[in-house]
Amino acid sequence: MLSLLYDLVVEGNLVTVSGLSNYQIGINNGIIDKISKQGLTGEKTLNVNDSLVFPGFIDIHTHLREPGWEYKEDITSGTKAAIHGGVTSLVDMPNSPESSVNLTNIQNKIDLISKKSLIDVFIYAGVTPDNVDILSDFSEYVVGYKIYTCHSTGKLYLPYNFLENVAKIVNKTGKPISVHCEDQLINEKKMDDLKNVDNPQIHCDSRPDYSEVKAVQEVIELPGRINICHVSTPETVNIVNTSPSSDVTCEVTLHHLFFNNSEIENSLLKVNPPIRGKVFQAKLLDQYSKGFIDFLVTDHAPHLLSEKKVGIWDAPSGVTGLDDFGKVVSWLIVEKNVDPVVVLKTACVNPSKFLNLSDRGEIKVGLKANLTILDLKKSCTTTSESLYTKCGWSPYEDVSFPGCVQHTIVDGKIMSEYDTVF
């Protein structure tokens, strides 16, 4: 009896919710067709026994910048950066110049994605005081809704008095809400007090940790599925984990885990909410490693170096991250002793459930053959020349990581090998 010949067979240490196991994955037509200890043959075989094989990473928080800011990033360059970093699915935020706050803009973005994206890209709709009455009109086109409780990059801002009504409307759609939690009045007062001070770390003081906590307390009891974006303070994580609602989640960014504010020498690390101190960083790392944080994200927000290398008050907030996702994961596993299963849950399993994507998130027969393969024995250093993001810089440049993305596989196709995206 002839054995079935698969399009691709991948053999390596699979990361599953039960732990690590060495298996072969037989892939046909972009779908995982069989998982076996041995005996699978393919037109192409990828033997990566010394590496970790994850389901493709899913990043639920990115800013691809198109349409409107294509000079910073476009859909094609952003998704190439994602592949480079091991991300096979992502969600784009609404705060570009042509914001996803009405049906015309949303459909236009979906059309651009269909023409230019190299991976699956989903979108959030932005919520403003002006579009509350039409939010349900575009629920079928988006995976969720985004609320900003303060001014950040862009013009989206929703005062607290709109929150309850918005949450009730969105809850009826079955879609989640992701919330950028900072208190606008607290930030304004701190800014007034500090606006005449010009040093690279002053931005951190202008958006204090209690600004985030205040906003979290305003949204934590809203009806429906509520996700707290880019937590920067351990108290936020504690509030989420002690909430009586199982529908409340939170995410942490690569940069809030990797950096602390003692490393801020210029405006390149200016982000909202800001990078906090060493104690906060250590506590967030501990909370992440113990499974108290639901999602690992990049909050990839590219700006040109010429825009960032100005005074701290004039520089826009945001850093890149998609190119470096897998490298930072290698740092978490090797240097911070994070269990690969924690990464699996926060970068694969939980995001797929949050976005209602039942066809990905784990390595199982019948699911999409999206895989991220990490080589934890090959150290690497990020350079500007190795990046695929159009803005051409990364906060992780010159950092030596203990591992990197060996291959990214999308729908059964090998899309990268180390620093080369095909």
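Since we're looking at a predicted model, the values are computed, not measured.

The rules behind these values
- Residues numbered from 1 in each chain as written.
- Predicted model: local features only at pLDDT ≥ 70, side-chain atom pairs only at ≥ 80, totals over all residues.
- Heavy atoms only, no water.
- Patch = residues over 30% accessible without salt bridge, like charges linked within 9 Å, V, L, I, M, F, W, Y side chains within 5 Å.
- Areas by Shrake-Rupley, 256 points an atom, 1.4 Å probe, with all protein chains shown as cover.
- Salt bridge = Lys/Arg side-chain N within 4 Å of Asp/Glu carboxyl O.
- Helix = DSSP H or I, 4+ residues; strand = E, 2+ residues; numbered from the N terminus.
- Pairing = 2+ DSSP bridges.
- Buried < 20%, exposed > 50% of the residue type's maximum accessible area, 1.4 Å probe, protein only.
- Contact = heavy atoms within 4.5 Å.
- Axes fitted to C-alpha atoms, helices over the stretch in contact; angles between N-to-C directions.
- Parallel < 35°, antiparallel > 145°, perpendicular 65-115°, else oblique.
- Nonpolar A, V, L, I, M, F, W, Y, C, P; charged D, E, K, R; others polar.
- Core = buried A, V, L, I, M, F, W, Y, C linked by side-chain atoms within 4.5 Å.
- Phe/Tyr/Trp six-rings, centres within 6.5 Å; stacked < 30°, edge-to-face > 60°.
- 1 Å grid on protein atoms, 1.4 Å probe; cavity = no way out; pocket = protein on both sides within 12 Å on 5 of 7 lines; lining within 4 Å.
- Points joined across faces, edges and corners; volume = space filled by probe spheres on them.
- Left-handed = near helix turned anticlockwise from the far one by under 90°.

Describing a nonpolar patch on the surface
A grouping of Leu-103, Ile-110 and Tyr-141 is seen on the molecular surface, where their side chains present a nonpolar patch of about 210 Å² in accessible area. Looking at the secondary structure, you find Ile-110 in helix α2 (residues 103-116).

Quick look at the pairing of strand β4 (residues 41-55)
Within a regular strand, side chains alternate between the sheet's two faces. Bridge count between strand β1 (residues 5-16) and β4: nine bridges; the pairing is parallel. If you follow Glu-11 over to β4, its bridge partner there is Asn-47. Here four bridges tie β4 to strand β13 (residues 371-375), and the two strands are oriented antiparallel to one another. Note on β13: the bridge partner recorded for Val-53 is Ile-373.

So, helix α7 (residues 234-241)
Of all the residues in α7, the buried ones are Pro-234, Thr-236, Val-237, Ile-239 and Val-240. On the buried face of α7, the contacting elements are α6 (209-219), β10 (226-228), β11 (248-253) and α9 (278-289).

Some points on the packing of α7 against α9
Their axes nearest at 9 Å, the elements α7 and α9 cross at an angle of 30°. Between α7 and α9, the angle is such that the two are roughly parallel. Residues Pro-234, Val-237 and Asn-238 of α7 pack against Phe-280, Lys-283, Leu-284 and Gln-287 of α9. By residue class, the composition of the contact of α7 with α9 is four nonpolar, two polar and one charged.

Overview of the nonpolar core
Of all hydrophobic cores here, the largest spans 90 residues; its most connected members are Phe-54, Phe-57, Tyr-145, Ile-228, Tyr-288, Leu-296 and Val-343. Those residues within four positions of Phe-54 in sequence are excluded, and the remaining contacts are Val-15, Ile-333, Pro-340, Val-343, Leu-344, Ile-363, Asn-370, Leu-371, Thr-372 and Leu-374. Listed in part, the 15 residues of the second largest apolar core include Tyr-124, Val-143, Val-297 and Leu-357.

So, the sheet that holds β4
Pairing is mixed in the open sheet, where seven strands are placed in the order β3-β2-β1-β4-β13-β16-β17. Looking at strand neighbours, the two that pair on one side only are β3 (31-36) and β17 (413-414), the edges of this open sheet. Along the sheet, helix α12 (residues 340-354) makes contact with β1, β2 (19-28) and β4, crossing β4 at roughly 110°.

Observations concerning the pattern of salt bridges
Tallying each qualifying case throughout the model produces 16 salt bridges. In this structure, the salt-bridge partner of Asp-411 is Lys-368, at a minimum N-O distance of 2.7 Å. Of this pair, Asp-411 sits in the loop between β16 (404-410) and β17 while Lys-368 sits in the loop between α12 and β13, and the two are 43 residues apart along the sequence.

So, the packing of aromatic side chains
This model, assessed by the stated rule, comprises 10 aromatic pairs. Where Phe-258 meets Phe-401, the ring centres are 5.7 Å apart and the plane angle is 40°; that geometry is what we call tilted. Residue Phe-258 is found in helix α8 (residues 254-258), and its partner Phe-401 is found in strand β15 (residues 400-401); the two are separated by 143 residues along the sequence. No difference in accessibility class separates Phe-258 from Phe-401, as the two residues are buried. Aromatic side chains Tyr-396 and Phe-401 sit 6.2 Å apart centroid to centroid with 55° between the ring planes, which places their arrangement in the tilted category. An identical accessibility class is assigned to Tyr-396 and Phe-401; each is buried.

Looking at the layout of surface pockets
The space that makes up the largest pocket amounts to roughly 240 Å³. Forming the boundary of the largest pocket are 13 residues, of which Asn-266, Leu-268, Leu-269, Ser-394 and Pro-395 lie nearest the centre. Taken together, the residues of the lining of the largest pocket sort by class into seven nonpolar, two polar and four charged. When its volume is computed, the second largest pocket comes out at roughly 170 Å³. Around the second largest pocket, the lining comprises 12 residues; the ones closest to its centre are His-203, Arg-207, Lys-270, Asn-272 and Ser-317.

Observations concerning unusual backbone geometry
The step from Glu-66 to Pro-67 runs through a cis peptide bond, and the omega angle for that step is 5°. By the secondary structure assignment, Pro-67 is in the loop between β5 (57-62) and α1 (75-84). Following Asn-272, the chain continues into Pro-273 via a peptide bond in cis, with omega recorded as -10°. Positioned with a positive phi, Asn-29 is a non-glycine residue whose angle comes to about 55°.

Some words on the sheet that holds β11
Pairing is parallel across the open sheet formed by eight strands, whose spatial order is β5-β6-β7-β8-β9-β10-β11-β12. Every other strand in the sheet has two partners, leaving β5 and β12 (295-297) as the edge strands with one partner each. Sheet twist, expressed as the average angle between the axes of neighbouring strands with direction ignored, equals 30°. Inspection of the sheet shows strand β7 (residues 120-126) paired to strand β8 (residues 144-148) by three bridges, in the parallel sense. In the strand pairing of β8, Ala-125 is matched with Tyr-145.

Some thoughts on the packing of α6 against α7
Put simply, α6 and α7 touch, their axes get as near as 9 Å, and they point 15° apart. For the element pair α6 / α7, the angle class is roughly parallel. The crossing of α6 and α7 is right-handed. When α6 is examined against α7, the residues Glu-212, Val-213, Val-216 and Gln-217 are found in contact with a partner set consisting of Glu-235, Thr-236 and Ile-239. Among the residues making up the contact of α6 with α7, the classes are represented as three nonpolar, two polar and two charged.

Keep in mind that these numbers describe shape and distance, not what the molecule does.
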